[in-house]
Amino acid sequence: MSFDIERNFSAPPAIEWTGKNFPLAVASVIIYLMAIKIGTVYMAKFEKPFDLKYILAAWNAFLCIFSFVGMCKTVR
């Protein structure tokens, strides 16, 4: 099963959009790195860690399934 965007994908417009919006990618990386630093400093204020065992297990299961589906669509 494939989606319309997969069947009708044209690389040149995507490459052109990426070239025009390069500063957006740089800004996104800078904001992401700042969020990591600020989040680390903020979380250091808490004495005991959060119990995220099940939430992280669910997140990892989702990533596993998503990656497997992406691999299947790519290899096919």
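Scroll up to find the structure this text is about.
These notes cover the structure that comes with them. (Residues numbered from 1 in each chain as written. Predicted model: local features only at pLDDT ≥ 70, side-chain atom pairs only at ≥ 80, totals over all residues. Heavy atoms only, no water.)

Some details on the overall build of the protein
Tallying secondary structure elements over the protein gives 4 helices and 0 strands in all. Listing the helices and strands of the protein from first to last along the sequence gives α-α-α-α. Whereas a compact globule of 76 residues would reach a radius of gyration of roughly 11 Å, the protein reaches 19 Å, over 25% beyond that. With the C-alpha coordinates aligned to their principal axes, the bounding extent of the protein is approximately 50 × 30 × 15 Å. Across the 76 residues that make up the protein, the buried fraction comes to 0%. When the accessible surface of the protein is split by element, carbon and sulfur atoms take 74% of a total near 7400 Å². Placing the 8 positive and 5 negative side-chain charges of the protein at their respective mean positions leaves the two points 3 Å apart. (Helix = DSSP H or I, 4+ residues; strand = E, 2+ residues; numbered from the N terminus. Rg over C-alpha atoms; globule rule 2.2 N^0.38 Å. Buried < 20%, exposed > 50% of the residue type's maximum accessible area, 1.4 Å probe, protein only. Areas by Shrake-Rupley, 256 points an atom, 1.4 Å probe, with all protein chains shown as cover. Lys, Arg positive; Asp, Glu negative; His and termini not counted. Charge placed at Lys NZ, Arg CZ, Asp CG, Glu CD.)

Here we look at the state of the cysteines
Scanning the model with the defined rule gives 0 disulfides in all. Cysteine 64 forms no disulfide, and the closest cysteine sulfur to it belongs to cysteine 72, at a distance of 11 Å. When its relative accessible area of 52% is taken as the criterion, cysteine 64 is described as exposed. Overall, the relative accessible area of 34% leaves cysteine 72 in the partly exposed class. (Disulfide = S-S within 2.5 Å.)

Regarding the environment of cysteine 72
Counting through the fold element by element, cysteine 72 comes out in helix H4 (residues 53–75). Along the backbone, cysteine 72 and isoleucine 31 are 41 residues apart, and their C-alpha atoms lie at a distance of 32 Å.

Some details on the packing of aromatic side chains
All told, the structure shown has 4 aromatic pairs when counted by the stated rule. Cluster of aromatic residues (ring-pair linked, three or more members): Tyr42, Phe46 and Phe50. (Phe/Tyr/Trp six-rings, centres within 6.5 Å; stacked < 30°, edge-to-face > 60°.)

Quick notes on a nonpolar patch on the surface
Taken together, the side chains of Tyr42, Met43, Phe46, Phe50, Leu52, Ile55 and Leu56 make up a nonpolar region of the molecular surface, amounting to roughly 690 Å² of accessible area. Breaking the nonpolar patch down by element, the ones donating at least two residues are helix H3 (22–43) and H4. Looking at the element boundaries, methionine 43 is found in helix H3. According to the relative accessible area criterion, methionine 43 is partly exposed, its value standing at 38%. (Patch = residues over 30% accessible without salt bridge, like charges linked within 9 Å, V, L, I, M, F, W, Y side chains within 5 Å. Salt bridge = Lys/Arg side-chain N within 4 Å of Asp/Glu carboxyl O.)

With respect to the pattern of salt bridges
Throughout the structure, instances matching the rule amount to 3 salt bridges. Across the pair glutamate 6 and lysine 73 runs a salt bridge whose closest N-O atoms are separated by 3.3 Å. You can see glutamate 6 sitting in helix H1 (residues 4–7) and its partner lysine 73 sitting in helix H4, a full 67 residues away along the chain. Among the residues examined, lysine 73 registers a relative accessible area of 27% and is labelled partly exposed. As a salt-bridge pair, lysine 20 and glutamate 16 come within 3.0 Å of each other at their nearest N and O atoms.

By themselves, these are just geometric observations and shouldn't be taken as functional.
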